[in-house]
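# Tertiary structure, described
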Amino acid sequence: MADETVLLGGFSHETNTFASGTTGRPLFQQRREYFGDEIPEKMRGTNSCEGGAIDVAENEGVDLVYSVTASATPSGIVAADAYEFYTEQILTGVEEHGDDLDGVILCLHGAMVPEGMDDGEGPLASMVREAVGPDVPIAVTLDLHGNITDELVEAADLLVAYEEYPHTDTGDTGRRAMRYLTRTMRDELDPEMHIERPPVLAMGPKQNTREGPMAEVMTKAREYEERDDIVKVNVFPGFHQADVPSVGCSVPVVATDADAATEVSREMAAHIWERRHDFIGDYPEPAEAVATARERAPDLEEDDGPIVLADVGDNPGGGGAADGTTVLRELLDQNLTNAGFAIMCDPEVVDQCIEAGVGERVTATVGGKTDDLHGAPIEDVDGYVTAITDGEFTNTGPMGTGSENHLGRTVHMKCGSEDGVSVLLTENRLQPLDAEIWRHAGIQPERLDVLVVKSMNHFRADYEPMSSEVIPINSIGLCSMDPRNFEFSHLRRPKFPLDEMADDEYPNWDGS
């Protein structure tokens, strides 16, 4: 029996408060819902926070006890009964193990918004804190798109955020958090935290940590961590598709000294403020982006790889409906060939294709059925049913490696000029961030000239190495890249670029 016992629980959701409907337990079950010993069975060895935490715990001789880990594709506010169910699972686990617990690790997101609340993670961490008391350390892993509240900072001992977007370091994040937690339990670390919030809302593509301003900010954060008194510099660009007071950039710093945490957090915040204009950019709309791809595709050499277009506004990974039509309509109207489109979540057309069968043609009205925010339905699409799958595949790329995916019944339909556009029609919403989504339906994405993926940045991890060019599209939808496209009622103002702000308007730490 190990000398130390840690409870592991996970409850993750990125809530788009502008999306209609609520996110209930069925949507968590659709993506991930594991209990007890199912967690190590399913997640050991995966590139996930849970997988990383398990790895370190086993190496350090820490006994992990498991409650629940649940995650749903980003969507509308979390239903009250679903929030209560999963929090109760975690709290019940805490209560069952009581005095045996030496620590708690929670794999959360940071941008969860339940019904009737502005924040899901802060209250959850507070309830765990009340249950375990002041002396049991709590470590929390978070997506860097979290909108971090004071309550979460006060309830936890350690916040550990992803450092990479695309999030290829989820496993590393779990490992870091478990190492810090273990050191804290063993009295090798006495963490202090401080948070600053530069009033900046960064456009989605500018949050890519592989280039541009975010890459430079993350490099600076890592340099600060070389100091002996700094443990972790977390940088959250935030998730602006949520209308809550905490939305926006934040910098919670973990240090061995409270003054050091404050100093570095403020310096990082001031640096982000100084670079605020670099987090805004201009990107092509659908017609221009597709025209560019059509013009450049004939000049591609055999080994160049496809031109990858990102349908950002309809990214299901940020709450998009995944049935947006603006980019697909351009592919069809501009007569592209040797092109692919993923995904179109349209259960009605999936049914129609399955009823017709592989090798048959259908005439269907495709997409635009969820709402009026993602483009009108495309009527009278003549399609050829090429393949039907169960929609089950495992990530093989750098993000979430080894994780299972559940698209529901899925159809590969060819349509457009010369049947030159391959569309993946699905029953469920899922961000096509891993290229295995194409291969499971018999498509070799590397051999296409143009690939469209409904994604903001995550696709870059698996697609960029195979691509000749990447073009983010300023498309419409609930995941629009530009915060100025949303009407906010609850976030704290002023914030750039929603508001005109003078250079000296922030920081104002001395109250002058």
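See above for the structure.
Presented here is a report on the structure given in the accompanying data block. Note that the structure is a prediction, hence the values are computed from the model and not measured.

### Here we look at the nonpolar core
Across soluble globular proteins, you tend to see nonpolar side chains buried next to one another. Within the largest apolar cluster, 62 residues are counted, with the highest numbers of intra-cluster contacts made by Phe11, Ile105, Val128, Leu159 and Met178. Discounting chain neighbours no more than four positions away, the residues touching Phe11 are Phe28, Ala70, Ala82, Tyr83, Tyr86, Thr87, Ile90, Cys107, Leu108, His109, Met112 and Leu124. Counting residues in each nonpolar core, the second largest holds 58 residues, with Cys49, Cys107, Ala269 and Phe496 among its members.

### Observations regarding the sheet that holds strand β19 (residues 469-473)
Taken in spatial order, the eight strands line up as β12-β13-β16-β17-β11-β18-β10-β19 in an open sheet, and their pairing is mixed. The open sheet has two free edges, formed respectively by β12 (361-366) and β19, since each of these has just one partner strand. Here the strands of the sheet are splayed against their neighbours by 30 degrees on average, with no regard to which way each runs. Summarising the sheet, strand β16 (residues 410-415) and strand β17 (residues 421-426) pair through six bridges and their orientation is antiparallel. Note that in β17 the partner of Cys415 across the bridge is Val421. Sheet strands in contact with helix α12 (residues 347-356) are β11 (339-345), β12, β13 (378-389), β16 and β17, and its direction is about 175 degrees off that of β12.

### A closer look at a negative patch on the surface
A contiguous patch of negative charge, built from Asp81, Glu84, Glu88, Glu95, Glu96 and Glu115, is present on the exposed surface. Mapping Asp81 onto the fold places it in helix α4 (residues 80-97). A relative accessible area of 56% means that Asp81 is categorised as exposed.

### Some points on the packing of helix α8 (residues 212-224) against helix α9 (residues 258-274)
For the pair α8 and α9, interaxial distance at closest approach is 11 Å and the crossing angle is 165 degrees. The orientation of α8 with respect to α9, classified from their angle, is roughly antiparallel. The hand of the α8/α9 crossing is right-handed. Across the interface between the two elements, Glu216, Val217, Lys220, Ala221 and Tyr224 from α8 touch Val264, Glu267, Met268, His271 and Ile272 from α9. Taken together, the residues that form the contact of α8 with α9 break down as six nonpolar, one polar and three charged.

### Here we look at the pairing of strand β4 (residues 103-107)
Burial analysis of β4 places five of its five residues in the buried class, the great majority of the element. Bridge analysis of strand β1 (residues 4-12) against β4 gives five bridges, and the strand direction is parallel. Paired with Gly10 across the two strands is Cys107, which belongs to β4. In the classification by handedness, the crossover that spans β4, the intervening helix α5 (residues 121-132) and the parallel strand β5 (residues 138-142) is right-handed.

### Some words on the packing of aromatic side chains
By convention here, two paired aromatic rings are described through the distance between centres and the angle between planes. Counting across every chain of the model gives twelve aromatic pairs. Ring geometry for Phe85 versus Tyr86: centroids 5.1 Å apart, planes at 75 degrees, classification edge-to-face. The exposure class of Phe85 is partly exposed, given its relative accessible area of 24%. Ring-pair connections join several aromatic residues into one group, and the members of that group are Phe11, Phe28, Phe35, Tyr83, Phe85 and Tyr86. Taking NZ or CZ as reference, Arg276 lies 3.8 Å from the ring centre of Trp273, over its face.

### Structural notes on unusual backbone geometry
Looking along the chain, the bond that leaves Ala342 and enters Ile343 is cis, with omega of -5 degrees. Relative to the helices and strands, Ile343 is located in strand β11. Here the phi dihedral of Asn338 falls at roughly 50 degrees; this positive angle occurs in a residue that is not glycine. Positive phi outside glycine occurs at Asp380, with the angle close to 55 degrees. By the element assignment, Asp380 lies in strand β13. Judged by relative accessible area, Asp380 falls into the exposed class, the value being 61%.

### As for α9
Its 17 residues place the ends of α9 24 Å apart at the C-alpha level, agreeing with the 24 Å of an ideal helix rising 1.5 Å per residue. Packing partners of the buried residues in α9 comprise β7 (192-196), α8, β8 (230-233) and β9 (251-255). The residue sitting at the N-terminus of α9 and contributing the capping side-chain oxygen is Asp257; that oxygen lies 3.0 Å from the backbone nitrogen of Asp259.

### Comments concerning the sheet that holds β7
Two modes of strand pairing occur in sheets, parallel and antiparallel, and in both the strands are linked by backbone hydrogen bonds. In spatial order, the strands read β7-β9-β8; together these three strands make up an open sheet with antiparallel pairing. Two strands in the sheet have a free side with no partner beyond their single neighbour: β7 and β8. Averaged over all pairs of adjacent strands, the angle between strand axes in this sheet comes to 20 degrees, irrespective of strand direction. As paired strands, β7 and β9 are joined by five bridges and run antiparallel to one another. The partner of Met193 across the bridge, within β9, is Val254. Here α9 sits on the sheet and contacts β7, β8 and β9; the angle it forms with β7, its principal contact strand, is near 25 degrees.

### Points about α5
In this model α5 runs 16 Å from its N-terminal to its C-terminal C-alpha over twelve residues, within 8% of the 16 Å that 1.5 Å per residue would give. Within α5, the full set of buried residues consists of Glu121, Gly122, Pro123, Leu124, Ala125, Val128, Arg129 and Val132. Buried residues belonging to α5 abut β1, α4, β4, β5 and α6 (150-155). Taken from the residues just after α5, Gly133 is the one with a positive phi, measuring 85 degrees.

Rules and cut-offs
Every chain's residues receive numbers from 1 upward, in the order its sequence appears when written. Totals for whole chains, interfaces and linings use every residue, but because this is a predicted model, local features are given only for residues with pLDDT of at least 70 and side-chain atom pairs only at 80 or more, for both listing and counting. Excluded from the side-chain calculations are hydrogens and water; all other atoms, namely the structure's heavy atoms, are used. Buried Ala, Val, Leu, Ile, Met, Phe, Trp, Tyr and Cys residues form a nonpolar core when they are joined through side-chain atoms within 4.5 Å. Residue burial is assigned from relative accessible area. The probe radius is 1.4 Å, only protein chains are included, and a residue is buried under 20% of its type maximum, exposed over 50%, and partly exposed in between. We call two residues contacting when some pair of their heavy atoms lies within 4.5 Å. For two strands to be treated as a pair, DSSP must find no fewer than two bridges joining them. Starting at the N terminus, helices and strands are each numbered in turn, a helix being any DSSP run of H or I of at least four residues and a strand any DSSP run of E of at least two. Every axis corresponds to a line fitted to the C-alpha atoms, with the helix fit spanning only the stretch in contact, and the corresponding angles, defined between N-to-C directions, vary from 0 to 180 degrees. A patch consists of residues whose relative accessible area exceeds 30% and which take part in no salt bridge; residues with like charges are grouped when within 9 Å of each other, and nonpolar side chains (Val, Leu, Ile, Met, Phe, Trp, Tyr) when within 5 Å. Method for areas: the Shrake-Rupley scheme with a 1.4 Å probe, in which residue coverage is limited to the protein chains shown. Salt bridges are identified by distance alone: a Lys or Arg side-chain nitrogen within 4 Å of an Asp or Glu carboxyl oxygen. Neither His nor the chain termini are counted; the positive set is Lys and Arg, and the negative set is Asp and Glu. Every charge is mapped onto a representative atom, which is NZ of Lys, CZ of Arg, CG of Asp or CD of Glu. When an angle is under 35 degrees it counts as roughly parallel; over 145 it counts as roughly antiparallel; between 65 and 115 it counts as roughly perpendicular; any other value is oblique. In this scheme the crossing of two helices becomes right-handed for a clockwise turn of the near helix relative to the far one and left-handed for an anticlockwise turn of less than a right angle. Gly counts as polar in this scheme, as do all residues outside two lists: the nonpolar Ala, Val, Leu, Ile, Met, Phe, Trp, Tyr, Cys and Pro, and the charged Asp, Glu, Lys and Arg. We call a crossover right-handed when, viewed with both strands directed away from the observer, the connection leading from the first strand over the helix to the second proceeds clockwise. Aromatic pairing here means that ring centres of Phe, Tyr or Trp (its six-membered ring) are within 6.5 Å. Orientation follows from the plane angle: under 30 degrees is stacked, over 60 is edge-to-face, and everything else is tilted. Two limits define a charge over a ring: the Lys NZ or Arg CZ must be within 6 Å of the ring centre, and within 35 degrees of the ring normal. By this rule, a helix spans an expected 1.5 Å times one less than how many residues it contains. Whenever a nitrogen or oxygen atom comes within 3.5 Å of another N or O atom, the pair is scored as a polar contact, on the condition that within protein one atom can donate a hydrogen and the other can accept it, and that pairs from neighbouring residues in sequence are kept only if both atoms are in side chains.

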